[in-house]
Amino acid sequence: MPATVEGPDFIALQVKDVPAAAAFFEEHLGMRRAPSSPPGAVVFTTSPIPFAVREPLPGVDLDGDTPLGLGVALWLRTANAAQLREQLVAAGVAAVTPVQDSPFGPTFTFTGPGGYLLTVHGG
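Description of the structure in this document.

Analysis parameters
Residues numbered from 1 in each chain as written. Predicted model: local features only at pLDDT ≥ 70, side-chain atom pairs only at ≥ 80, totals over all residues. Heavy atoms only, no water. Helix = DSSP H or I, 4+ residues; strand = E, 2+ residues; numbered from the N terminus. Buried < 20%, exposed > 50% of the residue type's maximum accessible area, 1.4 Å probe, protein only. Polar contact = N/O pair within 3.5 Å; in protein donor to acceptor, adjacent residues only side chain to side chain. Contact = heavy atoms within 4.5 Å. Salt bridge = Lys/Arg side-chain N within 4 Å of Asp/Glu carboxyl O.

Before going further, it helps to examine the side chain of Thr-119. You can see Thr-119 is positioned in strand E6 (residues 117-121). A relative accessible area of 11% places Thr-119 in the buried class. Of the polar contacts made by the side chain of Thr-119, one reaches the side chain of Thr-109; its length is 3.0 Å. When near neighbours in sequence (up to four residues on either side) are disregarded, Thr-119 contacts Leu-74, Trp-75, Leu-76, Thr-107, Phe-108 and Thr-109.

The next point concerns the environment of Gln-87. In this structure, Gln-87 sits in helix H2 (residues 81-90). Counting along the chain gives 61 residues from Gln-87 to Glu-26, while the straight-line C-alpha distance between them is 13 Å.

Tallied over the entire structure, the rule returns two salt bridges. Among the salt bridges present, the one from Asp-63 reaches Lys-16, with a minimum N-O distance of 2.3 Å. Pair noted here: Asp-63 is in the loop between strand E3 (51-54) and strand E4 (75-77) and Lys-16 is in the loop between strand E1 (11-14) and helix H1 (18-29), with a separation of 47 residues, a long-range link. Measuring nitrogen to oxygen at the nearest pair gives 2.9 Å for the salt bridge that ties Arg-33 to Glu-26. On the basis of relative accessibility, which here comes to 43%, the residue Arg-33 falls in the partly exposed class.

This is a description of form; function is not addressed.
Have a look at this one:
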């Protein structure tokens, strides 16, 4: 029988400023740091999939003209999308779209650390 993949098991965003990105996810989204992280990264205790911010890997150019994460959709789950959106707007987070209905509940997108587009859904 061939080997198969069960699904995503870890997600990390490569960013120029790991401390600032980690602070963003802690302060604005309420994520909590895992007890330990590898050098150059901050891992959060997200569930069911661990999430991290990390220094760029060798050969990765975060200063290029191509938008970061082009072609990849990263969705984050929350109990109350409308309330979280209001919190982000009040905190001055850039480029927050209006809440929209979707098959996954209310959604909105915002620009996160390093310029990544992140979508929030739920509640």
